[in-house]
Every structure is written in C-alpha cells, then in structure tokens.
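Remarks on the overall topology
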Amino acid sequence: MRALTAARVRTVVWVTLRETTSNYARNNIQVTKATRRWRNLVVADWNAYSRGKPWFRADDLHLTSAGATGLSHLLRPLVLNGISGS
C-alpha cells in the first residue's frame, strides 16, 4: 500500500477471502482493518457476496464459471468507480 500510495494510485481494491478456514477469517479481519489506515483502500467483500451461492467447485473454494461471473459482478462497479475517481 505504501508503494501504491507513493505512486499516487487513487484507489486500491482488496478482495476478502471466502471464509472456509479460520485463517481466512483472520485475514479478512486484517483486510477490513486496513481501511482505517489507508484512505485509498476499498474492500470487496467476496465472503459476504458469495455466501450461499453455488459458485464453487467441490473443494468449496475454487470458482466455477458462474462463480467467476459472480466475482466480476462484485468487482466491476468498484473498479469503474476507482477509475473514474468518484
């Protein structure tokens, strides 16, 4: 984040992990906390957005094609908003 901020990147999008393990849940907490420090950081809450969706392979983590589409629907408006600077 320091390097991106120094490079004057206006918006950075971090994506939370699907909480299939306690390690992933702890990581998501840290990602969310980082928004307090970095004003140019936006969190895409994939864990919440994908909850209950049949978008995952048998391992309950890797995406099917429908999951890839779902992820793109989450990210697209955040990326476009970051590009436009709004």
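Let us look at the structure shown here. (Residues numbered from 1 in each chain as written. Predicted model: local features only at pLDDT ≥ 70, side-chain atom pairs only at ≥ 80, totals over all residues. Heavy atoms only, no water.)

Scanning the chain for helices and strands turns up 4 helices and 2 strands. Helices and strands in the chain line up, N terminus first, as α-β-α-β-α-α. The principal-axis extent of the C-alpha atoms belonging to the chain is close to 40 × 25 × 15 Å. By residue count, 24% of the 86 residues in the chain fall in the buried class. Of the roughly 6,000 Å² of accessible surface on the chain, a fraction of 55% belongs to carbon and sulfur atoms. Averaging the positions of the 13 positive and the 4 negative side-chain charges in the chain gives two centres separated by 15 Å. (Helix = DSSP H or I, 4+ residues; strand = E, 2+ residues; numbered from the N terminus. Buried < 20%, exposed > 50% of the residue type's maximum accessible area, 1.4 Å probe, protein only. Areas by Shrake-Rupley, 256 points an atom, 1.4 Å probe, with all protein chains shown as cover. Lys, Arg positive; Asp, Glu negative; His and termini not counted. Charge placed at Lys NZ, Arg CZ, Asp CG, Glu CD.)

Attention shifts here to the side chain of Asn 47. Checked against the element boundaries, Asn 47 lands in helix H3 (residues 46-50). Judged by its relative accessible area of 10%, Asn 47 is buried. A polar contact is formed between the side chain of Asn 47 and the backbone nitrogen of Glu 19, at a distance of 2.8 Å. Not counting chain neighbours up to four residues away, the residues in contact with Asn 47 comprise Thr 16, Leu 17, Arg 18, Glu 19 and Asn 28. (Polar contact = N/O pair within 3.5 Å; in protein donor to acceptor, adjacent residues only side chain to side chain. Contact = heavy atoms within 4.5 Å.)

Moving on, we come to the environment of Val 79. Here Val 79 lies in helix H4 (residues 65-84). The sequence separation of Val 79 and Val 42 amounts to 37 residues, and the corresponding C-alpha distance is 9.6 Å.

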